[in-house]
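Observations on chain architecture
As a plain string of letters, each chain reads:
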Amino acid sequence: MPLSQLTVHRHDQGKQALITLSGEIDLESAPLVRESLERCLRDGIRTIDVDLTPVTFCDCSGLNAFLHAAQQTTVAGGTLRLHHPPTTLARILDLAGCGLLLLGLPCGHLPPPLGDTPTAPRPAPPHRSLPPAPVLSGDVR
């Protein structure tokens, strides 16, 4: 059975952070997502943008990690937004009605997955001026 791999890159700008996740988010790698987002809050970050463009798969374990992080961020007086979710996560968000909470979009208004509109330009993730450096990565076992 292949091991899940997830890489986390973080780029801070003041009290904002851009987290870029790359790989698969599942039961084994979701704790890495949760820890990465909690670390932002411990470091005083209050605006967290999560770029999911390089994520190839995300199941309900990932959704749970994002919902937990959104709740903790709200309690701390901040915001967490997901950008460019993979098709699996977009479907889960739509079914669970979490689009407004995590994407800032009402249910039924999720954008089509990136592969469904090949001619549409993809907006750049917010405040990325330098390439992010890896902060956490792992062979999740």
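Since this is a predicted model, take the numbers as computed values, not measurements.

Analysis parameters
Residues numbered from 1 in each chain as written. Predicted model: local features only at pLDDT ≥ 70, side-chain atom pairs only at ≥ 80, totals over all residues. Heavy atoms only, no water. Axes fitted to C-alpha atoms, helices over the stretch in contact; angles between N-to-C directions. Helix = DSSP H or I, 4+ residues; strand = E, 2+ residues; numbered from the N terminus. Left-handed = near helix turned anticlockwise from the far one by under 90°. Contact = heavy atoms within 4.5 Å. Nonpolar A, V, L, I, M, F, W, Y, C, P; charged D, E, K, R; others polar. Buried < 20%, exposed > 50% of the residue type's maximum accessible area, 1.4 Å probe, protein only. Salt bridge = Lys/Arg side-chain N within 4 Å of Asp/Glu carboxyl O. Parallel < 35°, antiparallel > 145°, perpendicular 65-115°, else oblique.

1. Describing the packing of helix H2 (residues 60-75) against helix H3 (residues 87-96)
It is at 10 Å that the axes of H2 and H3 come closest, and there the two elements cross at 65°. Two packed elements cross with a definite hand, and for H2 against H3 that hand is right-handed. Along the contact surface, H2 presents Cys60, Leu63 and Phe66, while H3 presents Leu89, Ile92, Leu93 and Ala96. Class assignment for the residues of the contact of H2 with H3 results in 7 nonpolar, no polar and no charged.

2. Remarks on the environment of Gln16
Structurally, Gln16 can be placed in strand S2 (residues 16-25). Residue Gln16 is classed as partly exposed on the basis of its relative accessible area, which comes to 30%. Measuring from C-alpha to C-alpha, the distance between Gln16 and Arg46 comes to 6.1 Å, with 30 residues separating the pair along the chain.

3. As for the pattern of salt bridges
Tallying each qualifying case throughout the model produces 4 salt bridges. Of the charged contacts in the structure, one is a salt bridge between Arg10 and Asp43, with a shortest N-O distance of 2.9 Å. Of the two residues, Arg10 is situated in strand S1 (residues 4-13) and Asp43 in the loop between helix H1 (30-42) and strand S3 (47-51); the sequence distance between them amounts to 33 residues. According to the relative accessible area criterion, Arg10 is buried, its value standing at 13%. Using a relative accessible area of 49% as the deciding quantity, one classes Asp43 as partly exposed. Residue Arg42 is joined to Glu35 by a salt bridge in which the shortest nitrogen-to-oxygen separation is 2.6 Å. Judged by its relative accessible area of 26%, Glu35 falls in the partly exposed class.

4. Looking at unusual backbone geometry
The phi torsion of most residues other than glycine is negative, and most of the peptide bonds are trans. Within the chain, His84 stands out as a residue other than glycine whose phi angle is a positive 60°. For His84, the location among the structural elements is in the loop between strand S5 (79-83) and H3. On the basis of relative accessible area, His84 is assigned to the buried category, the value being 16%.

5. Brief notes about the packing of H1 against H2
The description of two helices packed together rests on the angle between their axes and the distance between the axes. Closest axis-to-axis distance for the H1/H2 pair is 9 Å, and the angle between their directions is 15°. In terms of their interaxial angle, H1 and H2 are classed as roughly parallel. Seen along the crossing, H1 lies across H2 with a hand that is right-handed. Of the residues in H2, those touching H1 at Ala30, Val33, Arg34, Leu37, Glu38 and Leu41 are Ser61, Gly62, Asn64, Ala65, Phe66, His68, Ala69, Gln72 and Thr73.

6. Focus: the side chain of Thr73
Residue placement: Thr73 occurs in helix H2. Accessibility expressed as a relative area gives 1% for Thr73, which makes it buried. Contact partners of Thr73, with chain neighbours within four places excluded, come to Leu41, Arg46, Ile48, Gly78, Thr79 and Leu80.

7. Observations concerning the environment of Ile48
Relative to the elements of secondary structure, Ile48 occurs in strand S3. The class of Ile48 is buried, set by a relative accessible area of 1%. Note: C-alpha distance between Ile48 and Thr79 (31 residues apart in sequence) is 6.2 Å. Residue contacts for Ile48: discarding those within four places in its chain leaves Ala17, Ile19, Leu37, Cys40, Leu41, Thr73, Thr79, Leu80 and Arg81.

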